[in-house]
Amino acid sequence: MDFVKKNLLSIIALVIGLAGLIGGWIISSGMTKKQIDDVRQDAVQAANSINSLQVDYELPALRPGEEPWTMSRVTPNSRLTQIVGEQLEALVAQSEEVRQEAIAHNSAGKTVLVEGLFPKPQNEEAERISLSARMVERWPEAHEELLERSNAGGPIDAQQMASRLTTQRQQMVEQILGSRANQELSPFEEQEITNDLAKARLGMLKGHADSLTVFGERDLFVKLNEIPADGLVTRERYQTLFWDWQHAYWVHEDILEAVVTANEGSDGISGAPIKRIFSITLEPAYNSEVTQGSLSQPISEDYSQSFTGRVGGNPPFDIRYATVDAIIDLSRLPEIENAISEANFMTLIDLDYYEINPDQDLREGYYYGDQSLVRAQMRIETVWLRSWIE
């Protein structure tokens, strides 16, 4: 009792403290239970909302003309999640397959003109001059071979045709005169011979034209850059210069392939949609540097250049434009467009033309046949995938 009296204030403080602690615990326990009930109720409501939720799933198609994979108005669940995951994995696999097909199509048949020149010679100082000289030699050789593979050529040799016509005239005269006393041809006989020779000349021109796929000679290939007059190319320039030549050659290959495809089955130039190629002019060289965008962003589009909206200098691909100056049969333009798109990732994006009178060309030995002949400037967009070209 004395202890209580002596420590009354301390004991009162302790009792008050314990009472507050016990009361706080009781109140605290009551609040936690209420919160748990509220959370449980919210969870039940959320579960009910999820169970009644209906969503649409759609995975995009990879190829033009294919339908996207879709599931409409379905309730999410673990099995459905698995199905969507499997479809997504299949889509990724198909995407890689399409990518490889695109690379194979874009790079088909593309080989370098001079082995070891690109990307850089192993011993640059020692090999640069010799490889550069070989490239200068190889450029015209390769284009001669390209023309030969495409069965392209010039008009019939004028001297040979004149010699053949002279021989035919002599044979006609001998047949008419024979052993008759009067060895002079009458005006009527002269006219008959002239008419027959004109038909013979036209037949020779047609026969030569139909032995070719298209009229075209080596000067139709226009390079963007020329080598210096002294034939020497500095180390700073030779990679840019000769890479431009190499890439230009690939574009030339694809365009000639398109011409061959368009004219296939026409039995020669007289029945073909593409008659003659005057020139193939390439616009700015392939851009080896990415100038815009990134692989994680959508590819930008610019319809001021062409109706395709494609723009070069982006991470997946670059663009190079070509203008083909040619004589074509305008009525068969769809065949030409299809052939261009089949040859590679190329699109005819613009066409300017005017009608021609073929008589002057015929006098020069070019026989085109009787169709809707125009001289056309065809602007072609070519696409090059960086994944293989770099």
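See above for the structure.
This section reports on the structure supplied with the text.

Scanning the protein chain from terminus to terminus reveals 10 helices and 9 strands. Counting all 390 residues of the protein chain, 35% fall into the buried class. Counting contacts in the protein chain only where the partners sit at least 6 residues apart, residues at least 24 apart contribute 74% of the total. Of the accessible surface of the protein chain, which amounts to about 23400 Å², a share of 54% is contributed by carbon and sulfur atoms.

This part is about the packing of helix α5 (residues 158-177) against helix α6 (residues 187-209). Across the interface, α5 lies against α6 with an axial gap of 10 Å and an inter-helix angle of 145°. When the axes of α5 and α6 are compared, the crossing they make is right-handed. Side by side, α5 and α6 meet where M161, R164, L165, Q168, R169, M172, V173 and I176 of the first sit next to E189, E190, I193, D196, L197, A200, R201, M204 and L205 of the second.

With that out of the way, let us pick up the nonpolar core. Grouped together as the largest cluster of nonpolar side chains are 58 residues, with contacts concentrated most on I280 and I328. For this core, the leading source of residues is helix α7 (residues 235-263), giving 14 residues. Apart from the residues lying within four places of it in its own chain, the contact partners of I328 are P273, I274, K275, L333, I336, S372, L373, V374, A376 and M378. Counting residues in each nonpolar core, the second largest holds 21 residues, with L185, I193, L197 and A200 among its members.

In this section: the pattern of salt bridges. Enumeration over the complete set of coordinates arrives at 16 salt bridges. Residue R310 pairs with E381 through a salt bridge whose shortest N-O separation is 2.8 Å. In this pair, R310 is assigned in the loop between β6 (274-282) and β7 (317-329) and E381 in strand β9 (residues 373-385), connecting sequence segments 71 residues apart. On the basis of relative accessibility, which here comes to 29%, the residue R310 falls in the partly exposed class. Residue E381 is classed as buried on the basis of its relative accessible area, which comes to 0%. Look at the salt bridges and you will find they share partners, linking R134, E137, R138, E141 and E145 into a network.

The tally for this structure, following the rule as stated, stands at 1 cavity of 30 Å³ or more. Quantified by volume, the largest cavity comes out at close to 70 Å³. The wall of the largest cavity is formed by I255, A258, V259, I274, V324, I336, I340, M346, M378 and I380. For the lining of the largest cavity, the elements supplying multiple residues, two or more each, are α7, α8 (333-343) and β9. Examining the composition of the lining of the largest cavity, we find that 3 residues originate from one element, α7, more than from any other.

So, about α6. The end-to-end C-alpha separation of α6 is 33 Å, in line with the 33 Å expected for 23 residues at 1.5 Å each. Buried residues of α6: E189, I193, L197, A200, M204, L205 and A209, and no others.

Before going further, it helps to spend a moment on the side chain of H143. Considering the arrangement of structural elements, one finds H143 in helix α4 (residues 124-149). Note on H143: relative accessible area 1%, which makes it buried. Reaching out from H143, the side chain makes a polar contact with the side chain of H252 at a distance of 2.9 Å. In contact with H143, other than residues within four places in its own chain, are R218, F221, Y249 and H252.

A few words on the side chain of D325. You can see D325 is positioned in strand β7. Side-chain polar atoms of D325 contact the side chain of R375, separated by 2.7 Å. When near neighbours in sequence (up to four residues on either side) are disregarded, D325 contacts R276, I277, F278, S279, R375, A376 and Q377.

What follows concerns the packing of aromatic side chains. In this structure the tally under the stated criterion is 8 aromatic pairs. Between F242 and W245, the aromatic rings sit 5.3 Å apart at their centres with planes inclined by 80°, giving edge-to-face as the arrangement. Taken as a pair, F242 and W245 lie in helix α7 at a separation of 3 residues, close to a single helical turn. Here F242 and W245 have matching classes, each one buried. Between W384 and W388, the aromatic rings sit 6.4 Å apart at their centres with planes inclined by 50°, giving tilted as the arrangement. According to the relative accessible area criterion, W384 is buried, its value standing at 1%. Here a set of aromatic residues connected by ring pairs shows up, and it is made of W243, W250, W384 and W388.

What counts as what
Residues numbered from 1 in each chain as written. Predicted model: local features only at pLDDT ≥ 70, side-chain atom pairs only at ≥ 80, totals over all residues. Heavy atoms only, no water. Helix = DSSP H or I, 4+ residues; strand = E, 2+ residues; numbered from the N terminus. Buried < 20%, exposed > 50% of the residue type's maximum accessible area, 1.4 Å probe, protein only. Contact = heavy atoms within 4.5 Å. Areas by Shrake-Rupley, 256 points an atom, 1.4 Å probe, with all protein chains shown as cover. Axes fitted to C-alpha atoms, helices over the stretch in contact; angles between N-to-C directions. Left-handed = near helix turned anticlockwise from the far one by under 90°. Core = buried A, V, L, I, M, F, W, Y, C linked by side-chain atoms within 4.5 Å. Salt bridge = Lys/Arg side-chain N within 4 Å of Asp/Glu carboxyl O. 1 Å grid on protein atoms, 1.4 Å probe; cavity = no way out; pocket = protein on both sides within 12 Å on 5 of 7 lines; lining within 4 Å. Points joined across faces, edges and corners; volume = space filled by probe spheres on them. Expected span 1.5 Å × (residues − 1). Polar contact = N/O pair within 3.5 Å; in protein donor to acceptor, adjacent residues only side chain to side chain. Phe/Tyr/Trp six-rings, centres within 6.5 Å; stacked < 30°, edge-to-face > 60°.

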